[in-house]
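One letter stands for each residue in the lines below.
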Amino acid sequence: MPNTERARTLRKKPTWAEKLMWSWLRDRRFNTYKFRRSHPCGIYYLDFYCLEASLSIELDGGHHGHPDQQAHDAERTRFLASMGIKELRFWNGQLRREKQYVRDVIFNALQARV
């Protein structure tokens, strides 16, 4: 399946956490920064990506705590860093419990990148 088709498929089935994050980021709602969802980058798909700031936001469910997935995530982070992309990772639960903290981290990262 080509990258764009796979990205469209991912956008059609968002998790509750992705829906919440997208409600914060879409339509330049987050301090006028433009974000994309399910953005293809190499062999990876970035949950949310801001081209202007070269910033990726990833939301992690429980399976990201498994050692094999952690190794995969670390490789992905190295790949993105080699492309000049900073990656922020948040556990899904943080979006519910620490909304303002998550927003502050994203805002500060955007300000530092632009």
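Conventions we followed
- Residues numbered from 1 in each chain as written.
- Predicted model: local features only at pLDDT ≥ 70, side-chain atom pairs only at ≥ 80, totals over all residues.
- Heavy atoms only, no water.
- Salt bridge = Lys/Arg side-chain N within 4 Å of Asp/Glu carboxyl O.
- Core = buried A, V, L, I, M, F, W, Y, C linked by side-chain atoms within 4.5 Å.
- Buried < 20%, exposed > 50% of the residue type's maximum accessible area, 1.4 Å probe, protein only.
- Helix = DSSP H or I, 4+ residues; strand = E, 2+ residues; numbered from the N terminus.
- Contact = heavy atoms within 4.5 Å.

What follows concerns the pattern of salt bridges. Throughout the structure, instances matching the rule amount to eight salt bridges. For D27, the salt bridge identified is with R29, shortest N-O distance 3.7 Å. The structure contains a network of salt bridges with shared partners spanning E58, D60, D73, R76, E87 and R89.

In this structure, M21, F35, I57, L95, I106 and L110 are the most contacted members of the largest nonpolar core, which totals 22 residues. Elements with a contribution of two residues or more to this core: α2 (16–25), β2 (44–50), β3 (55–60), β4 (86–91) and α5 (99–113). Of all the elements, α2 adds the most residues to this core, at six residues. Excluding residues within four positions of it along the chain, L110 makes contact with F30, Y33, F35, C50, A53 and L55. Core analysis: the second largest hydrophobic core is formed by five residues, L46, Y49, L80 and I85 among them.

What follows concerns the environment of G93. By secondary structure assignment, the location of G93 is in helix α4 (residues 92–97). For G93, a relative accessible area of 24% corresponds to the partly exposed category.

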